[in-house]
Amino acid sequence: MSEVKKVVLAYSGGLDTSAIVPWLKENYGCEVVAFVADVGQGEEELVGVEEKALASGASECHIVDLKEQLVSDYIYPTLQTGAVYEGTYLLGTSMARPIIAKAQVEVARKVGADALSHGCTGKGNDQVRFESCFSALAPDLQVIAPWREWELSSRESLLDYLAQRQIPCSASATKIYSRDANIWHISHEGGELEDPWNQPSDQVWTLTTSPEQAPDKAEYVSLLVEQGQVVGVNGERYSPYQCLVKLNNIAAAHGVGRIDIVENRLVGMKSRGCYETPGGTVIMAALQAIDELVLDKSSRKWKETLSSEFSHLVYDGRWFTPLKDSILAAAQALTVDASGEVVLKLYKGHVTAVQKQSVNSLYSEDFATFGEDDVYDQSHAEGFIRLFSLSSRIAALNKQKS
């Protein structure tokens, strides 16, 4: 490894990154520049973060607002593919990593750094996501991952490390849950969740109302969709970010968007997590409703393949790859006619598309009716069925001869 003179650290203000700043200075003898990504994790998470970084020993702290770009350039394109990891996870943490890594590289170029650093553990997915992005965007910069190098192994050891250096930190020795939040979702791991037999306690959930405590009256929300993107809520047009903000507020009150899953991490182990994605769950339901109207059977089947492939691509941190461009191009070709309006019913944790329309709809009441019509001759179905099942018929006849 070459000598490191200046490193840009992805900094959150939490215990881990507060300890990483002095550790980098002591072990690499380098200047540390803190980089903070505002991805909609909440203003309370950003209060005083610059002061914390400087108090920990950082020479500078760059706070970059990525909220609008995250939704428009990363979340919305992913939604156009319909990607859902392992059938349930809406990829909240995964979608945020490439834009954070990209912004971190841009700060590194701006300040003339020769290295990048992060606080991801050696057991998780995020180390792969960040470093894969770094490889694609800045292969010349050295990457330092303290959790794979240092001997600090617990919250207590981190707190002692900071106390010995008289670096202020508001963290306590006990941290029940590990959480990650952005405008799309919040994730919860650790604590009682490490045992899949334990039902999540009420203190796990922080974003959504318990479905049992949600209003007894359903709420209806109307979404305007244009080419696979939600552009309006309840008759008003908004930016992608503002659409998500409004839907988060509406859906969270009804307990929409909670999931509890055991997923396969990229590094080979399973992990149990609880996720809250209120607005995103509503958006996904609306886009699926439009797809039901405008995509023919073969196109929907093809999109299912694209969705599965893209979910793994995003989860695995392979955003800056030709494969991403290829899948997105295919998915976006399928959204050319995906425009219309959907009305969704929100009630005690559930979201249901109850009305849907599109000028490009392939649904025809004339064709689908069970009543008399002049557009479909039912006798024609016999020939279709004989041809459709011809291979099975031939195989059966061959068996009868033998």
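For the structure, see preceding data.
The structure presented is a predicted model; accordingly, all values stated were derived computationally and were not measured.

Draft legend 1. Just the environment of L328, in detail. Checked against the element boundaries, L328 lands in helix α11 (residues 322-334). When the C-alpha positions of L328 and F310 are compared, they lie 8.3 Å apart, and in sequence the two are 18 residues distant. Here L328 is in contact with P77, T81 and F310, once residues within four sequence places are set aside.

Draft legend 2. View of the side chain of S117. Position of S117 relative to the elements: it lies in strand β4 (residues 115-117). Relative accessible area serves as the criterion here: at 0%, S117 is assigned to the buried category.

Draft legend 3. Structural detail: the packing of aromatic side chains. Per the counting criterion, the structure on display carries 10 aromatic pairs. A centroid spacing of 5.6 Å and a plane angle of 25 degrees characterise the contact between F384 and F388, whose relative ring orientation is stacked. Linking F384 with F388, this pair stays in helix α13 (residues 380-388), spanning four residues, or about one helical turn. Of the aromatic side chains, those joined through ring pairs into one cluster are W23, Y28, W147 and W150.

Draft legend 4. Quick peek at the pairing of strand β13 (residues 340-347). Sheet topology places strand β8 (residues 219-226) next to β13; seven bridges connect them, and they run antiparallel. Bridge pairing links V225 to G340 in β13. Summarising the sheet, β13 and strand β14 (residues 350-357) pair through seven bridges and their orientation is antiparallel. When the sheet's bridge partners are listed, E341 is paired in β14 with Q357. Between the antiparallel neighbours β13 and β14 lie two residues, among them K348 with a positive phi of about 45 degrees.

Draft legend 5. Layout of helix α1 (residues 15-28). Given a rise of 1.5 Å per residue, 14 residues ought to cover 20 Å, and the 20 Å separating the end C-alpha atoms of α1 matches this to within 8%. When the local axis directions of α1 are compared, the greatest deviation, roughly 25 degrees, occurs at P22. Just downstream of α1, G29 is the residue with a positive phi angle, here 60 degrees.

Draft legend 6. Structural detail: the pattern of salt bridges. A full pass over the atoms with the stated rule returns 17 salt bridges. One salt bridge in this structure joins K6 and E31, with 3.9 Å as the shortest N-O distance. Of this pair, K6 sits in strand β1 (residues 6-10) while E31 is found in strand β2 (residues 31-38), placing the two residues 25 residues apart along the sequence. Taking the shortest distance from any N to any O, the salt bridge between R165 and E26 comes out at 2.5 Å. One end of the pair, R165, is in the loop between α7 (155-164) and β6 (178-181); the other, E26, is in helix α1, and 139 residues separate them in sequence. Judged by relative accessible area, R165 falls into the partly exposed class, the value being 29%.

Draft legend 7. Looking closely at the sheet that holds strand β12 (residues 270-276). Spatially, the four strands line up as an open sheet ordered β6-β7-β12-β11, and their pairing is antiparallel. Looking along the sheet, the strands with just one partner apiece sit at the ends: β6 and β11 (258-264). Averaged over all pairs of adjacent strands, the angle between their axes in this sheet comes to 25 degrees, without regard to strand direction. The pairing of β6 with strand β7 (residues 186-189) spans four bridges and is classified as antiparallel. Among the inter-strand pairings, D180 is bridged to a residue of β7, identified as S187.

Calculation rules
Residues numbered from 1 in each chain as written. Predicted model: local features only at pLDDT ≥ 70, side-chain atom pairs only at ≥ 80, totals over all residues. Heavy atoms only, no water. Helix = DSSP H or I, 4+ residues; strand = E, 2+ residues; numbered from the N terminus. Contact = heavy atoms within 4.5 Å. Buried < 20%, exposed > 50% of the residue type's maximum accessible area, 1.4 Å probe, protein only. Phe/Tyr/Trp six-rings, centres within 6.5 Å; stacked < 30°, edge-to-face > 60°. Pairing = 2+ DSSP bridges. Expected span 1.5 Å × (residues − 1). Bend = angle between axes of the 7 residues up to and from the residue. Salt bridge = Lys/Arg side-chain N within 4 Å of Asp/Glu carboxyl O. Axes fitted to C-alpha atoms, helices over the stretch in contact; angles between N-to-C directions.

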